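# Breakdown of the fold
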Amino acid sequence: MIKKIFRIANMECPACALRLEGLEDDLPGIQQINASYHKQTLMVAFDETVIREAEIVAAVGKLGYTVRTE
């Protein structure tokens, strides 16, 4: 299992965080998600044999959010 923190550019409110945390129910291989709109971060624990990081980033994008690369 891998834990990765993604920086989300346009997460603005608690509803945004809840929406992103809903990915846990939608994507196979996700073990845990914690979103913070204050910090604009999304921590995802996932099984890398089931889902790739790029698939998580794409799912975040489909919800209308942007993952920042730093």
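Treat the numbers as computed from the prediction; the structure is a model and nothing was measured.

### So, unusual backbone geometry
Despite not being glycine, Gln 40 has its phi angle at roughly 55°, a positive value. The residue Gln 40 is located in the loop between strand 2 (30–36) and strand 3 (41–46) in this model.

### Section: the pattern of salt bridges
A pair can form between side chains of opposite charge whenever their charged atoms are brought close. Enumeration according to the criterion identifies 2 salt bridges in this entry. Ionic pairing is found between Glu 53 and Lys 4, a salt bridge with its closest N-O pair at 3.7 Å. Residue Glu 53 is found in helix 3 (residues 53–62), and its partner Lys 4 is found in strand 1 (residues 2–8); the two are separated by 49 residues along the sequence. Between Arg 52 and Glu 55 there is a salt bridge, with the nearest N and O atoms lying 3.7 Å from each other. Residue Arg 52 is classed as exposed on the basis of its relative accessible area of 55%. Judged by its relative accessible area of 34%, Glu 55 falls in the partly exposed class.

### Observations concerning the packing of aromatic side chains
Per the stated rule, a full pass over the model turns up 0 aromatic pairs. A cation over a ring is seen here: Lys 4 above Phe 6, with NZ or CZ 5.9 Å from the ring centre.

### Quick notes on the nonpolar core
Of all hydrophobic cores here, the largest spans 19 residues; its most connected members are Ile 8, Leu 20, Ile 30, Leu 42 and Val 44. At the level of elements, strand 1, helix 1 (14–21), strand 2, strand 3 and helix 3 are the ones that each hand at least two residues to this core. Not counting the four nearest positions on each side in its chain, Ile 30 is found in contact with Leu 23, Glu 24, Val 44, Ala 45, Phe 46, Ile 51 and Ile 56.

### A short note on the side chain of Ser 36
Relative to the helices and strands, Ser 36 resides in strand 2. At 3.2 Å, the side chain of Ser 36 and the backbone nitrogen of Lys 39 are in polar contact. Beyond its immediate chain neighbours, meaning those up to four positions away, Ser 36 contacts Met 11 and Thr 41.

Parameters and conventions
Residues numbered from 1 in each chain as written. Predicted model: local features only at pLDDT ≥ 70, side-chain atom pairs only at ≥ 80, totals over all residues. Heavy atoms only, no water. Helix = DSSP H or I, 4+ residues; strand = E, 2+ residues; numbered from the N terminus. Salt bridge = Lys/Arg side-chain N within 4 Å of Asp/Glu carboxyl O. Buried < 20%, exposed > 50% of the residue type's maximum accessible area, 1.4 Å probe, protein only. Phe/Tyr/Trp six-rings, centres within 6.5 Å; stacked < 30°, edge-to-face > 60°. Lys NZ or Arg CZ within 6 Å of the ring centre and 35° of its normal. Core = buried A, V, L, I, M, F, W, Y, C linked by side-chain atoms within 4.5 Å. Contact = heavy atoms within 4.5 Å. Polar contact = N/O pair within 3.5 Å; in protein donor to acceptor, adjacent residues only side chain to side chain.

Geometry only, nothing functional implied.
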